[in-house]
Amino acid sequence: MEILKIAVHECVSYFFKAAKQIHILHSFVNRIPPPSSLHPLPSLSLYDTEAARKKKAEYSVLFDFHGSLLRSSSLFPFFMVVAFEGGGLFRAALLLLTFPLLLLAGHGGELMGLKMMAFVTFCGLRRRNVEIVARAVLNKVYLEDLNRRGYEVVEAAAAGRKVAVTSLPRVMVEGFLKEYVGVSEVIAAEMEVRGMYFTGIFAAGGGGGGGRCERQMALWELLGEDKADIGLVNTCSTPTNQMLISFSKLKSLRERFLCNLSYVEIVTDSSNEISQEVYIVNKKETPVITPTNADPLPAGKSTLNPKPKYPKPLVFHDGRLAFLPTPSATLAVLLFLPFSLILSILRILTGLVFPYWIAITVASALGLRIRVSHPPNPNPNPNSRKADRGVLYVCNHRTLADPIILSVVLARSVPAVTYSLSPISEAVSPIPTVRLTRDRRRDAAIIRRIIAAGNLAICPEGTTCREPYLLRFSPLFAELADEIEPVAINVEVSMFYGTTASGIKSLDPIFFFMNPRPWYYVGLLGRVSPKMIISGGFTAADVANGIQRKLAEALGFQCTTLTRRDKYLMLAGNDGIVTPEPPKEA
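Please read these numbers as outputs of a predicted model, since none were measured by experiment. (Residues numbered from 1 in each chain as written. Predicted model: local features only at pLDDT ≥ 70, side-chain atom pairs only at ≥ 80, totals over all residues. Heavy atoms only, no water.)

Q: I'd like a rundown of the UniProt feature "transmembrane region" (unreviewed entry) in the protein, residues and numbers included.
A: Using the residue numbers shown here, the UniProt feature "transmembrane region" (unreviewed entry) corresponds to residues 89-107, 321-342 and 348-368. Helix makes up 73% of residues 321-342 and strand makes up 0%, while its end C-alpha atoms are separated by 19 Å. Each end of residues 348-368 is marked by a C-alpha atom, and these two atoms are 11 Å apart; helix forms 76% of the span and strand 0%. (UniProt positions renumbered as here; feature names shortened; annotations may be inferred. Helix = DSSP H or I, 4+ residues; strand = E, 2+ residues; numbered from the N terminus.)

Here's what the structure looks like:
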């Protein structure tokens, strides 16, 4: 009993002395003034970015990436993206189980919580896998979570120095900050690597360690006495805000932090053309975005950063998660996962078992929404053959289910040609699928044979694209058919994407049908006039480009000259060609 009393006494004494030392150090560093001498920092909404672009094209900016350019108040969703996409479902579940501990340790950039999240997320992950996730997945997550007002201030410094400070590991943010934000230097922690794998521990030096002291030392080595002209901080009372303000051009600085408010006394030099400025980025000022009427997606409100406001177009991205994995959202998905798997199997069996006219009703009852648009003049060619013979349906490509949904809408089986389809996808497909060889003459013969026997669905892009862009159309189809009907297709999912470039392709249809209420838009645009095809004097390339433009106009998309090879080189680091296995000798 005496030993227990002594142990408790020693523990209380230790924590009391530690708290006293921290209070003394905090008072010395911050030099807290009396409340009467304090003035609030100006809101970022008062900053004139247009005037800044004209007068201060070369001013320098110092900002906290997570605190001022992203709207999320927690780092947890970004670590969860890496854990799920790079490590799988088990690692994601393990990270979620640590969330109660993160609540105690802090998950908004505090050192202990940061180290816990980093260890669970990175320990044992291959370096290449994390780099692919950072390049192909996180860029899209950051763009959707971007605080537009904060970005405009950074973007206005066109030729100036931009320095980003972040609590996130460098491997997760450096590519995005340099490619999309145009920063000059990034102060971020390095993750330790042994061989090809991460250890989950922060490396020492160069802003490593993830703590405020390491970042402050790295800033001092980078900037020295040259302080930034503009500093961006958020409304949260964090040590990072204090550090950023101290490295901004302020002649005299006294600071105090209260609950969700930052106060600072600033003495500016009126003779200096570039004023010494520190602005608060208030994340609550971000407006709600409403989709335009031209977008054929269901109407509603979204808090995502609109795609036209992205710093640069995002044509390709990868990964399965179609939502920001906050703790509550991740928990909901994991709890729903067994039911979604059963739902996916039932939806797939619906297409295999029932005839099309029944399947569309059953699929609707299972939550699959299909919107169909028919043309006012479906067939402008009076001399064409019967509607159910020899028609080539040219579709833009969103998921592997495109020709299946088209068959359901037309209430008849329409075969489809593919370049690479997994055995599982072929097995669960309710329509005939024919594999092409990438040999132009052999592929042309295959397509002619199918069209002579009936109809055919083809996707000239050669691969899927999730964003509102159309890839370059291969002109081969225009040489092989006289009856061509463009079909505009769009898809919306809320939980999982049904396509992947670097993942397991055989799971694509399963993931797509696991969404609670997937939404499909099929727009039949009518037959192409005989004057607009090769028989009318146009080349195959002209016909392909004309149909691409017609589909883009119907969907509100943009045409590009990018190809399947560009997509796979960007997302997976390969050309996307699957080499077929040689036939086995008897």
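Q: Explain helix α19 (residues 540-555) to me, and be specific about the residues and the numbers.
A: The terminal C-alpha atoms of α19, which comprises 16 residues, lie 23 Å apart, in line with the 22 Å expected from a rise of 1.5 Å per residue. Within the sequence span of α19, burial applies to Ala540, Val543, Ala544, Ile547, Gln548, Leu551, Ala552 and Leu555. One side of α19 carries all its buried residues, which in axial view fall inside an arc of 170 degrees. Opposite the packed face of α19, turned more than 90 degrees from it, sit the exposed residues Arg549 and Glu553. Considering only its buried residues, α19 is in contact with β11 (391-395), β15 (469-470), β16 (483-492), β17 (519-524) and β18 (558-559). Immediately beyond the C-terminal end of α19, within one or two residues, lies Gly556, with a positive phi of roughly 75 degrees. (Expected span 1.5 Å × (residues − 1). Buried < 20%, exposed > 50% of the residue type's maximum accessible area, 1.4 Å probe, protein only. Arc of directions from axis to C-beta. Contact = heavy atoms within 4.5 Å.)

Q: Run through the packing of helix α8 (residues 127-144) against helix α10 (residues 170-181), naming residues and quoting values.
A: Two elements in contact, α8 and α10, have axes whose closest approach is 9 Å; the angle formed by their N-to-C orientations is 60 degrees. It follows from the interaxial angle that α8 and α10 lie oblique. The way α8 lies across α10 gives a crossing that is right-handed. Here Val130, Glu131, Ala134, Leu138, Asn139, Tyr142 and Leu143 of α8 come into contact with α10, specifically with Val171, Met172, Val173, Phe176, Glu179 and Tyr180. Classifying every residue of the contact of α8 with α10 gives 10 nonpolar, one polar and two charged. (Axes fitted to C-alpha atoms, helices over the stretch in contact; angles between N-to-C directions. Parallel < 35°, antiparallel > 145°, perpendicular 65-115°, else oblique. Left-handed = near helix turned anticlockwise from the far one by under 90°. Nonpolar A, V, L, I, M, F, W, Y, C, P; charged D, E, K, R; others polar.)

Q: Residue-level account of the nonpolar core, with values.
A: Formed by 78 residues in total, the largest nonpolar core has its most connected members in Phe63, Phe65, Phe79, Tyr142 and Met172. Residue contributions to this core peak at 10 residues, all from α8. Excluding residues that lie within four positions of it along the chain, Phe65 makes contacts with Leu70, Tyr142, Val165, Thr166, Leu168, Val173, Phe176 and Leu177. If you look at the next biggest cluster of nonpolar residues, it comprises 32 residues, including Leu436, Leu470, Phe473 and Ile547. (Core = buried A, V, L, I, M, F, W, Y, C linked by side-chain atoms within 4.5 Å.)

Q: Could you give an account of the packing of aromatic side chains, with specific residues and numbers?
A: Following the criterion strictly, the structure yields 12 aromatic pairs and no others. Between Phe76 and Phe99, the ring centres sit 5.3 Å apart and the planes meet at 70 degrees, which makes this aromatic pair edge-to-face. Of this pair, Phe76 sits in helix α4 (residues 76-87) while Phe99 sits in helix α6 (residues 99-105), and the two are 23 residues apart along the sequence. Using a relative accessible area of 0% as the deciding quantity, one classes Phe76 as buried. Arranged with centres 5.3 Å apart and planes meeting at 20 degrees, the rings of Phe176 and Tyr180 form a pair that is stacked. Residue Phe176 and its partner Tyr180 are located together in helix α10, separated by four residues, close to a single helical turn. (Phe/Tyr/Trp six-rings, centres within 6.5 Å; stacked < 30°, edge-to-face > 60°.)

Q: Can you explain the pattern of salt bridges? Please cite residues and give values.
A: The full count for this structure, using the stated rule, is 16 salt bridges. A salt bridge links Glu131 to Arg127; the nearest nitrogen and oxygen atoms lie 3.3 Å apart. One end of the pair, Glu131, and the other, Arg127, are both in helix α8, four residues apart, so they sit about a helical turn from each other. Assessed through its relative accessible area of 34%, Glu131 is described here as partly exposed. For Glu179, the salt bridge identified is with Lys312, shortest N-O distance 3.3 Å. With Glu179 in helix α10 and Lys312 in the loop between β9 (277-281) and α13 (327-353), this pair connects stretches of sequence that are 133 residues apart. (Salt bridge = Lys/Arg side-chain N within 4 Å of Asp/Glu carboxyl O.)

Q: Can you lay out unusual backbone geometry for me, pointing to particular residues and giving the numbers?
A: Here Ala411, not a glycine, exhibits a phi torsion of approximately 60 degrees, which is positive. Turning to its location among the elements, Ala411 is positioned in the loop between α15 (402-410) and β12 (416-418). We note that Arg438 has phi near 70 degrees; this positive angle belongs to a residue other than glycine. Take Arg438: it is sitting in the loop between β13 (433-435) and α17 (440-453). Residue classification places Arg438 among the partly exposed residues on the basis of a relative accessible area of 36%.

Q: Please provide a residue-by-residue account of the pairing of strand β4 (residues 191-194), values included.
A: Successive residues of a regular strand alternate their side chains across the two faces of the sheet. Note: β4 against strand β5 (residues 197-202), three bridges, orientation antiparallel. Following the sheet pairing, Val193 is matched in β5 by Phe198. (Pairing = 2+ DSSP bridges.)

Q: Please give an account of the pairing of strand β3 (residues 185-189) that cites residues and values.
A: With four of its five residues buried, β3 lies for the most part within the structure. Bridge count for strand β2 (residues 162-169) against β3 is four bridges, and the pairing is parallel. By the bridge assignment for β3, Val165 is matched with Ile187. Read from β2 through α10 to β3, the crossover connection turns out right-handed. (Right-handed = clockwise from strand over helix to strand, strands pointing away.)

Q: I'd like to hear about the confidence of the model for the protein, residue by residue, with values.
A: The predicted model of the protein averages 78 in pLDDT, with 71% of residues at 70 or higher. pLDDT under 50 marks residues 250-276. Its contacts with residues more than four places away, or in other chains, come to 66 contacts. Every residue in residues 580-586 scores below 50 in pLDDT, and together they form zero contacts with partners more than four places removed in sequence or on other chains. (pLDDT = per-residue confidence, 0-100.)

Q: Please give an account of the packing of α4 against helix α7 (residues 111-122) that cites residues and values.
A: One can describe the packing of α4 onto α7 by two numbers: an axis separation of 9 Å at closest approach and a directional angle of 15 degrees. Judged by the angle between their axes, α4 and α7 are roughly parallel. Classified by chirality, the crossing of α7 by α4 is right-handed. Here Phe76, Phe79, Val82 and Ala83 of α4 lie close against α7, whose contacting residues are Leu114, Met117, Ala118, Thr121 and Phe122. Across the contact of α4 with α7, the residue classes tally to eight nonpolar, one polar and no charged.

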